[in-house]
There are 2 protein chains.
Amino acid sequence: MLHGMREDEEAGRVTLAQVAEEAGVSISTVSKVLNGRQDVSRPTRSKVERLLEIHGYRRTPKSAWEAPLIEIVFHELDSIWAMELIRGIENVAKDNDASVVLTESGTRHAPDPGWIEGVLRRRPLGVVLVFSSLPPEVKQQLRSRAIPFVIIDPAGDPEPDVPSVGSANWSGGVAATRHLIESGHRRIGIITGPEDMLCSLARLDGFRSAMGMAGLAVDPALVAFGDFHVEGGRLRAMEMLSRPDRPTAIFAGSDLQALGVLEAARLHGLKVPDDLSVVGYDDVALARWTSPALTTVHQPLRKMAEEAAQMLLRLRAEESTATRLELSTSLVVRSSTAPPPAGI
Amino acid sequence: MLHGMREDEEAGRVTLAQVAEEAGVSISTVSKVLNGRQDVSRPTRSKVERLLEIHGYRRTPKSAWEAPLIEIVFHELDSIWAMELIRGIENVAKDNDASVVLTESGTRHAPDPGWIEGVLRRRPLGVVLVFSSLPPEVKQQLRSRAIPFVIIDPAGDPEPDVPSVGSANWSGGVAATRHLIESGHRRIGIITGPEDMLCSLARLDGFRSAMGMAGLAVDPALVAFGDFHVEGGRLRAMEMLSRPDRPTAIFAGSDLQALGVLEAARLHGLKVPDDLSVVGYDDVALARWTSPALTTVHQPLRKMAEEAAQMLLRLRAEESTATRLELSTSLVVRSSTAPPPAGI
């Protein structure tokens, strides 16, 4: 085993020398590129990167690192999820005497190009990315430096070649809807998330299936797409509640949207849950603190982050070639749901 | 200037050698202790630490650091403040091409002893601590390694010899109370935070002063101490609202306590703001999302964190010997306050 590891290292070194020769630069220049150093010209860097990619170079992971780091990267730190995910990473880091490096960067789809330089300099144990996808060159750069990475993808749209952790959105949609049906509701509205996110569609499909299984028709006027924020929930709910045939219950698609529904109900003079039942999704901390406390679908965000960090450490130890892990969701019944008003 | 810096460095080196000689160890052992390395026996480490302290040794800061880090340490990451503070640090880090290392450690009063080892190994640009105080040995360890540190102290009880950032709690208490008085309220209750936190007392004193200035008596039955969490607010409000001479307005001392007051009002069948006005404190994100949206005192948490990080960088550049910085608070009027019900 030890002998095998030395062989790997030597294989690595040979490739490094080959890359240097092919690129017409010194080995130390190739090494600088690998370490994200700035004192290499841009054209040389691109040439070396390209050759590293062609040769599929992989650095031997450092065995002992003095100040081990686990990185987590968000495109939007403001997200109400962010703290739960940070908690999960922090828990695993603590157990492994590592620290957590936090970065906000890029768009929903990928971190900024400059981000990778910092990661290469810091050489963390691994990187957890809260993004739906990663540009191929970023994947290659991380792979060539033997830095494991995992995507946490609550949006449910991961790339097949990247290890990722998600949760069961469709089942969550079914559970929320079934709870309302079992409470006696027949006229149920849904405000799901944006139309271009797979998780929104999965929750909506779960809703449709639960309605269908109960023999209930879905009124297209009671299906709306929100923005996963309070305002989207409020606007869509204001429309639905203005109808003469308003729903007796709304599945709000996210806890923030549910807050918007609560506000719309208040503005319409409707009491929750007496006049209107509301179900959220996510079970973020504030779901316990709304008035009334929110019945919601628990998405195990902290657990998802813990699993992602554990996956990193297993990938690093080459104990796993993990792909997609999907954690289950569960309904949490609080005080925002009740049977429909009598006579409806 | 350059010559002066070299002299400082040499002075540092001499002390390092002196420490080694006095301790009867090699210079490299002293250096290992300074770098937080584990391969030094505990008695040797203590001896070296003691001598470093006696001699007031200060390492010359590294001028160029390849992967600059700013650290932030919390004792309670769950706090609803945490994300705002992280945002502020992240903003400054981004502007300075640094990354943020996040640690949860210790109690309200100090991080765990083991935490310092990691910091010494990572050698960050500086450390922001969200704690009220720091043990003397931690201060000495950070100072001897030339790692600047600043305390963010929303509790308002900083130590005099540590640079810190806080906000104006007393003025916030005055502003909240004046707003209620100006809306026509006379019977006003307050639920402030825990009795052993200076910020709770400062807000309460602000309340008393505003009442006094308006010639209004403070009914001791309407003064309560909470826990800065939802449950404390709910319990204290349930008691106040059960009184035959219940208040027409409650200053809730924190946004979480205000959520508890909203729930207590709902359970008493009271409408906010028609039957009861409520003012929060902090202006965390969810204050905009409650039903109705919360009138509250804005505590500039993000700005406080930005100032703390900037202070670190100035301390590092030796451009400042900052002490206490107190940012102002301001009232944000939303929908949870109105004139008292007619006839009261």
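Residues numbered from 1 in each chain as written. Chains lettered and ligands numbered in written order. Predicted model: local features only at pLDDT ≥ 70, side-chain atom pairs only at ≥ 80, totals over all residues. Heavy atoms only, no water.

The name recorded for chain A in an unreviewed UniProt entry is LacI family DNA-binding transcriptional regulator, from Kitasatospora paranensis.

(A) Molecular detail of the overall build of chain A. Looking only at helices and strands, one finds eleven helices and twelve strands in chain A. When contacts within chain A are restricted to residue pairs at least 6 apart in sequence, long-range pairs at least 24 apart make up 71% of them. In the form shown here, chain A has an accessible surface area of approximately 14,200 Å², with 52% of it arising from carbon and sulfur atoms. (Helix = DSSP H or I, 4+ residues; strand = E, 2+ residues; numbered from the N terminus. Contact = heavy atoms within 4.5 Å. Areas by Shrake-Rupley, 256 points an atom, 1.4 Å probe, with all protein chains shown as cover.)

(B) Molecular detail of the relation of the copies chain B and chain A. Overlaying chain B on chain A yields an RMSD of 0.1 Å, the required transformation being a rotation through 180 degrees with an accompanying axial translation of 0.0 Å. The relationship between the two copies is best expressed as a two-fold rotation axis. Residue Val 101 of chain B, judged by its C-alpha, is the member of chain B lying nearest the rotation axis, at 2.2 Å. Looking at the interface residues of chain B, 100% of them are also at the interface in chain A, so both copies use one shared face. (Least-squares fit on C-alpha atoms with pLDDT ≥ 70 in both.)

(C) How the structure looks around the pattern of salt bridges. Summed over the entire model, instances satisfying the criterion amount to 30 salt bridges over all chains. Arg 187 of chain A is the salt-bridge partner of Asp 245 of chain A, the closest N and O atoms lying 3.0 Å from each other. Taken together, the residues Asp 245 of chain A in the loop between helix H9 (230-242) and strand E8 (249-251) and Arg 187 of chain A in the loop between helix H7 (169-182) and strand E6 (188-192) connect sequence positions 58 residues apart. Across the salt bridge formed by Arg 302 of chain B and Glu 84 of chain B, the nearest N and O atoms sit 3.1 Å from each other. Residue Arg 302 of chain B is found in helix H11 (residues 301-316), and its partner Glu 84 of chain B is found in helix H4 (residues 82-95); the two are separated by 218 residues along the sequence. Taking the relative accessible area as the measure of exposure, Arg 302 of chain B reaches 24% and is therefore partly exposed. Here the residues in one salt-bridge network are Arg 187, Asp 219, Arg 243 and Asp 245 of chain A, joined through shared partners. (Salt bridge = Lys/Arg side-chain N within 4 Å of Asp/Glu carboxyl O. Buried < 20%, exposed > 50% of the residue type's maximum accessible area, 1.4 Å probe, protein only.)

(D) Structural context of the sheet that holds strand E1 (residues 69-74) of chain B. A sheet is described by the order of its strands in space; here twelve strands give the open sequence E11(A)-E5(A)-E4(A)-E3(A)-E1(A)-E2(A)-E2(B)-E1(B)-E3(B)-E4(B)-E5(B)-E11(B), paired in mixed fashion. Edge positions in the open sheet fall to strand E11 (324-327) of chain A together with strand E11 (324-327) of chain B, since each of these has one partner strand only. Each strand axis lies, on average, 25 degrees off the axis of its neighbour in the sheet, ignoring direction. In terms of strand pairing, strand E2 (residues 99-104) of chain A meets strand E2 (residues 99-104) of chain B through three bridges, oriented antiparallel. Looking at E2 of chain B, one finds that Leu 102 of chain A is bridged to Val 100 of chain B. Along the sheet, helix H4 (residues 82-95) of chain A contacts strand E1 (69-74), E2, strand E3 (126-130) and strand E4 (149-152) of chain A together with E2 of chain B; its crossing angle with E1 of chain A, the most-contacted strand, is approximately 170 degrees. (Pairing = 2+ DSSP bridges. Axes fitted to C-alpha atoms, helices over the stretch in contact; angles between N-to-C directions.)

(E) The pairing of E1 of chain A, seen in detail. Residue and element names in this part refer to chain A. Within E1, six of the six residues are buried, which leaves it mostly tucked inside the rest of the structure. Residues Leu 69, Glu 71 and Val 73 point to one face of E1 and Ile 70, Ile 72 and Phe 74 to the other, with burial holding for every one of them. Examined bridge by bridge, E1 and E2 share six bridges and lie parallel to one another. Of the residues in E2, the one forming a bridge with Phe 74 is Glu 104.

(F) Representation of the pairing of strand E4 (residues 149-152) of chain B within the structure. All names here are of chain B. Neither face of E4 is left uncovered, since the one carrying Phe 149 and Ile 151 and the one carrying Val 150 and Ile 152 both have all their residues buried. In terms of strand pairing, strand E3 (residues 126-130) meets E4 through three bridges, oriented parallel. If you follow Val 128 over to E4, its bridge partner there is Val 150. For E4 and strand E5 (residues 164-167), the ladder comprises two bridges, and the chain directions are parallel. Each residue of the ladder has a partner; that of Ile 151, found in E5, is Ser 164.

(G) Broad picture of the interface of chain B and chain A. Listed as interface residues are 34 residues of chain B and, on the opposing side, 34 residues of chain A. Both faces combined, the contact of chain B with chain A buries some 3,200 Å², and carbon together with sulfur accounts for 54% of it. On the surface where chain B and chain A come into contact, there are four salt bridges. Here Arg 87 of chain A and Glu 104 of chain B are joined by a salt bridge, their closest N and O atoms 3.4 Å apart. Between chain B and chain A we count twelve residue pairs in polar contact (both at pLDDT 80 or more) in total. (Buried area = accessible area lost by both parts, 1.4 Å probe. Polar contact = N/O pair within 3.5 Å; in protein donor to acceptor, adjacent residues only side chain to side chain.)

(H) Structural detail: the packing of aromatic side chains. Residue and element names in this part refer to chain A. Here the structure, examined in full by the defined rule, presents two aromatic pairs over all chains. Arranged with centres 6.4 Å apart and planes meeting at 40 degrees, the rings of Phe 251 and Tyr 281 form a pair that is tilted. A residue pair is termed long-range when its members are at least 10 positions apart, and Phe 251 in strand E8 and Tyr 281 in strand E9 (residues 277-282) qualify at 30 residues. Each member of the pair, Phe 251 as well as Tyr 281, carries the same accessibility label: buried. Here the guanidinium or amino end of Arg 203 rests over the ring plane of Tyr 281, the centre of that ring lying 3.6 Å away. (Phe/Tyr/Trp six-rings, centres within 6.5 Å; stacked < 30°, edge-to-face > 60°. Lys NZ or Arg CZ within 6 Å of the ring centre and 35° of its normal.)

(I) Layout of the environment of Phe 207 of chain A. Along the polypeptide, Phe 207 of chain A turns up in helix H8 (residues 198-213). Setting aside chain neighbours within four positions, we find Phe 207 of chain A in contact with Gly 173, Val 174, Thr 177, Ile 188, Gly 189, Ile 190, Val 218 and Phe 251 of chain A.

(J) The arrangement of the sheet that holds strand E10 (residues 295-298) of chain B in detail. Residue and element names in this part refer to chain B. Taken in spatial order, the six strands of this open sheet run E7-E6-E8-E9-E10-E12, and their pairing is mixed. Of all strands in the sheet, those bounded by a partner on one side alone are strand E7 (223-225) and strand E12 (330-332). Looking at each pair of strands side by side, their axes are set apart by 20 degrees on average, direction ignored. Here strand E8 (residues 249-251) runs beside strand E9 (residues 277-282); their pairing, made up of three bridges, is parallel. By the bridge assignment, Phe 251 is partnered in E9 with Val 279. In this fold helix H7 (residues 169-182) packs onto strand E6 (188-192), E8, E9, E10 and E12, with an angle of close to 165 degrees to the strand it touches most, E9. Strands in contact with helix H10 (residues 255-267) are E6, E8, E9 and E10; relative to E9, the strand with the most contacts, it is inclined by about 155 degrees.

(K) Representation of helix H6 (residues 136-144) of chain B within the structure. Residue and element names in this part refer to chain B. Those residues of H6 not exposed but buried are Val 138, Lys 139, Gln 140, Gln 141, Leu 142 and Ser 144. Its buried side turned inward, H6 meets helix H2 (27-34), helix H3 (42-54), helix H5 (115-122), E3 and E4. Two residues or fewer after H6 comes Ala 146, characterised by a positive phi angle close to 55 degrees.

(L) View of helix H8 (residues 198-213) of chain B. Residues and elements named next belong to chain B. With 16 residues, H8 ought to run about 22 Å at 1.5 Å a step, and its terminal C-alpha atoms sit 22 Å apart, in line with that. Among all positions in H8, only Cys 199, Ser 200, Ala 202, Arg 203, Leu 204, Gly 206, Phe 207, Ala 210 and Met 211 are buried. Looking one or two places after H8, you find Gly 215, whose phi comes out positive at around 75 degrees. (Expected span 1.5 Å × (residues − 1).)

(M) Fine view of the environment of Glu 104 of chain A. Within the fold, Glu 104 of chain A resides in strand E2. Separated by 29 residues in sequence, Glu 104 of chain A and His 75 of chain A have C-alpha atoms that sit 5.3 Å apart.

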